[in-house]
Amino acid sequence: MLPEPDLSTVYGLWCDALEAAEVMLYKLGYTTEASIAVERVLWAAERSGDPLRLAAAQWHYAGEFMCAGAYDDALSIISDTLDTLAPQLADDRPDVLALWGAHHLKAALVAARASDRDTAWSHWQQAAATAETLDVDETPYWNLCFGLANVQIYSVAIPVEMRDGKLALTKAQDVDPPSHLSRERVSHHWIDVARAHHYRGNRDEALRALLRAEDLAPQHVRNHQADRETVQALTKRSARKQDLIGLGLRMGIV
């Protein structure tokens, strides 16, 4: 039997491995298996004895409820986590601030999907203020990619989730993801840009954005549910362009 401090470390490492598995499964379209992995992440985080690790696990857990359309439950999980983090903000620890900001971004996305515009932008503004305090494009904490660049990307994602293509494209004009940002995050931005163009009826621009996203992160794009829905809609309503047919074939939907 390992002594208690070593057990805490083991559970923490286990949590890291499970989080990586959960993200990979979700990005590749294995949603059921990803949900099981999230439950395991929470289980390991609770046993690690680290309240910040548990807060990071709750970020993933809230995402499960968001994907299931249980928006009130997702926001409740995030609110409870923010309450536990609030007393530690005065220390200005960057790892705490990264968690605080990431949870506000998640809440913004949840509220946007629930069509609660005011709540969505309120949470986004909290995240933006936190990112300004940290003053980096991307933090290395908890694998949540929080920072100035991701806040910018969410400024486009939020109106996209509310099907406001005009506002999303206006916001996108001010977004220039840095080259060192993860290719998956940048590809997600171009997926959102494609969806915004699709909502505005700009089919050629939507296809160009999708192909740009695929060039950055092919597996992510080909398995992304919203991306697949956009391509399906384009193939029904657009001329059968070679590039569009090729993308649909690579996704297995043509």
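Preceding block: the structure.
Residues numbered from 1 in each chain as written. Predicted model: local features only at pLDDT ≥ 70, side-chain atom pairs only at ≥ 80, totals over all residues. Heavy atoms only, no water.

**Focus: the nonpolar core**
Soluble, globular proteins show a tendency: their nonpolar side chains are buried together.
Stage number 1. L85, L99, L105, W124, F146, V151 and I158 are the most contacted members of the largest nonpolar core, which totals 38 residues.
Stage number 2. Of all the secondary-structure elements, those providing two or more residues to this core are α3 (51-67), α4 (71-85), α5 (94-113), α6 (117-134) and α7 (148-161).
Stage number 3. In terms of residue count, α5 provides more of this core than any other element does, 12 residues in total.
Stage number 4. Beyond its immediate chain neighbours, meaning those up to four positions away, L105 contacts W124, A127, F146, N150, V151 and Y154.
Stage number 5. Within the second largest apolar cluster, 26 residues are counted, among which are A149, V193, V221 and L234. (Core = buried A, V, L, I, M, F, W, Y, C linked by side-chain atoms within 4.5 Å. Buried < 20%, exposed > 50% of the residue type's maximum accessible area, 1.4 Å probe, protein only. Helix = DSSP H or I, 4+ residues; strand = E, 2+ residues; numbered from the N terminus. Contact = heavy atoms within 4.5 Å.)

**Points about the layout of surface pockets**
Stage number 1. Estimates place the volume of the largest pocket at around 1,400 Å³.
Stage number 2. Contributing to the lining of the largest pocket are 47 residues, with Y26, K27, R113, H188 and H224 lying nearest its centre.
Stage number 3. At the level of secondary structure, the elements contributing two or more residues to the lining of the largest pocket comprise α1 (4-27), α3, α5, α7, α9 (183-199), α11 (218-223) and α12 (225-237).
Stage number 4. Of the residues contributing to the lining of the largest pocket, the split by class is 18 nonpolar, 14 polar and 15 charged.
Stage number 5. Looking at the second largest pocket, its volume works out to about 160 Å³.
Stage number 6. Every residue along the wall of the second largest pocket is listed here: P51, L52, L54, A55, Q58, Y61, I77, D80, T81, T84, L85 and Q88.
Stage number 7. Elements supplying a minimum of two residues to the lining of the second largest pocket: α3 and α4. (1 Å grid on protein atoms, 1.4 Å probe; cavity = no way out; pocket = protein on both sides within 12 Å on 5 of 7 lines; lining within 4 Å. Points joined across faces, edges and corners; volume = space filled by probe spheres on them. Nonpolar A, V, L, I, M, F, W, Y, C, P; charged D, E, K, R; others polar.)

**So, the packing of aromatic side chains**
Stage number 1. Applying the stated criterion to the full structure yields 5 aromatic pairs.
Stage number 2. A ring pair is formed by Y11 and W14, whose centres lie 6.2 Å apart and whose planes are at 5 degrees; its orientation type is stacked. With Y11 and W14 both in helix α1 and 3 residues apart, the pair spans about one turn of that helix.
Stage number 3. According to the relative accessible area criterion, W14 is partly exposed, its value standing at 40%.
Stage number 4. Taken together, a centroid distance of 5.7 Å and an interplanar angle of 75 degrees make the contact between Y11 and W43 edge-to-face. Placement of Y11 in helix α1 and of W43 in helix α2 (residues 31-48) is noted, with a sequence separation of 32 residues between them.
Stage number 5. For W43, a relative accessible area of 33% puts it in the partly exposed group. (Phe/Tyr/Trp six-rings, centres within 6.5 Å; stacked < 30°, edge-to-face > 60°.)

**Focus on the pattern of salt bridges**
Stage number 1. One pass over the structure, following the stated rule, counts 10 salt bridges.
Stage number 2. Between D192 and R195 there is a salt bridge; the shortest N-O distance is 3.7 Å. Here D192 and its partner R195 are both found in helix α9, 3 residues apart, which amounts to about one turn of the helix.
Stage number 3. Take D192: its relative accessible area is 2%, and that puts it in the buried class.
Stage number 4. In this structure, E214 engages R222 in a salt bridge whose closest nitrogen and oxygen atoms are separated by 2.9 Å.
Stage number 5. Looking at E214, the relative accessible area reads 7%, which means it is buried.
Stage number 6. Assessed through its relative accessible area of 27%, R222 is described here as partly exposed.
Stage number 7. Salt bridges here are not isolated pairs; linked through shared partners, they connect R113, E161, D192 and R195. (Salt bridge = Lys/Arg side-chain N within 4 Å of Asp/Glu carboxyl O.)

**A word on helix α8 (residues 165-172)**
Stage number 1. Turning to α8, its buried residues number three or more, namely G165, A168, L169 and A172. Down the axis of α8, the buried side of the element spans an arc of 95 degrees, and every buried residue falls inside it.
Stage number 2. Turning to α8, the residues buried within the fold contact α7 and α9. (Arc of directions from axis to C-beta.)

**A short note on helix α10 (residues 203-216)**
Stage number 1. Over its 14 residues, α10 runs 20 Å from end to end, which matches the ideal 20 Å to within 8%, given 1.5 Å per residue.
Stage number 2. Every buried residue of α10 is accounted for by A206, L207, A209, L210, A213 and E214. Down the axis of α10, the buried set is contained in an arc of 165 degrees. They therefore lie on one face. Exposed and facing more than 90 degrees away from the buried side of α10 are R208 and D215. (Expected span 1.5 Å × (residues − 1).)

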